[in-house]
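Read off the chains here:
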Amino acid sequence: MMTLDWTRRAACLDFDPELFFPISLEGPSQSQVERAKNVCQECPVRRPCLDYALTTRQADGVWGGTDPAQRRELARHLPVA
């Protein structure tokens, strides 16, 4: 069972969750994605967040400082469960 205790220390808790789930990853929404990633850069639980997103195959949003395309690329290099 995966623990989510790390979520209580996440930097994103002080932000509107919509920042991390833009409508698109292109055009004007790209600046929103970059703002979300900047929040993640300073987050003390960035790695557990990314691990969670990869383990649970989160297809949308910014998790652990990565967008969906970046996570798909990372997941290609993970061992098959």
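Because the structure is a prediction, the values reported are computed rather than measured.

Student: Which residues make up the state of the cysteines, and what values go with them?
Tutor: One pass over the full model with this rule turns up zero disulfides. Here Cys12 stays unpaired: no disulfide links it, and the sulfur of Cys43, its closest cysteine neighbor, is 6.2 Å away.

Student: Mind laying out the UniProt feature "binding site: [4Fe-4S] cluster" (unreviewed entry) in the protein chain, listing which residues take part and the relevant values?
Tutor: Mapped onto this numbering, the UniProt entry annotates "binding site: [4Fe-4S] cluster" (unreviewed entry) at Cys12, Cys40, Cys43 and Cys49. Across 38 residues in sequence, these annotated residues keep their C-alpha atoms within 10.7 Å of one another, forming a single compact spot. Counting through the fold element by element, Cys43 comes out in the loop between helix H1 (29–41) and helix H2 (46–55). Looking at the secondary structure, you find Cys49 in helix H2. You can call Cys49 buried: its relative accessible area is 13%. Not counting chain neighbours up to four residues away, the residues in contact with Cys49 comprise Trp6, Trp63 and Gly64.

Student: Would you mind going over the packing of aromatic side chains in detail, with residue names and values included?
Tutor: Enumeration over the complete set of coordinates arrives at four aromatic pairs. Here Phe15 and Phe20 contribute two aromatic rings whose centre-to-centre distance is 6.5 Å and whose plane-to-plane angle is 85°, an arrangement assigned as edge-to-face. Judged by its relative accessible area of 6%, Phe20 is buried. Ring centres 5.5 Å apart and planes at 40° place the aromatic pair Tyr52 and Trp63 in the tilted group.

Cut-offs applied
Residues numbered from 1 in each chain as written. Predicted model: local features only at pLDDT ≥ 70, side-chain atom pairs only at ≥ 80, totals over all residues. Heavy atoms only, no water. Disulfide = S-S within 2.5 Å. UniProt positions renumbered as here; feature names shortened; annotations may be inferred. Helix = DSSP H or I, 4+ residues; strand = E, 2+ residues; numbered from the N terminus. Buried < 20%, exposed > 50% of the residue type's maximum accessible area, 1.4 Å probe, protein only. Contact = heavy atoms within 4.5 Å. Phe/Tyr/Trp six-rings, centres within 6.5 Å; stacked < 30°, edge-to-face > 60°.

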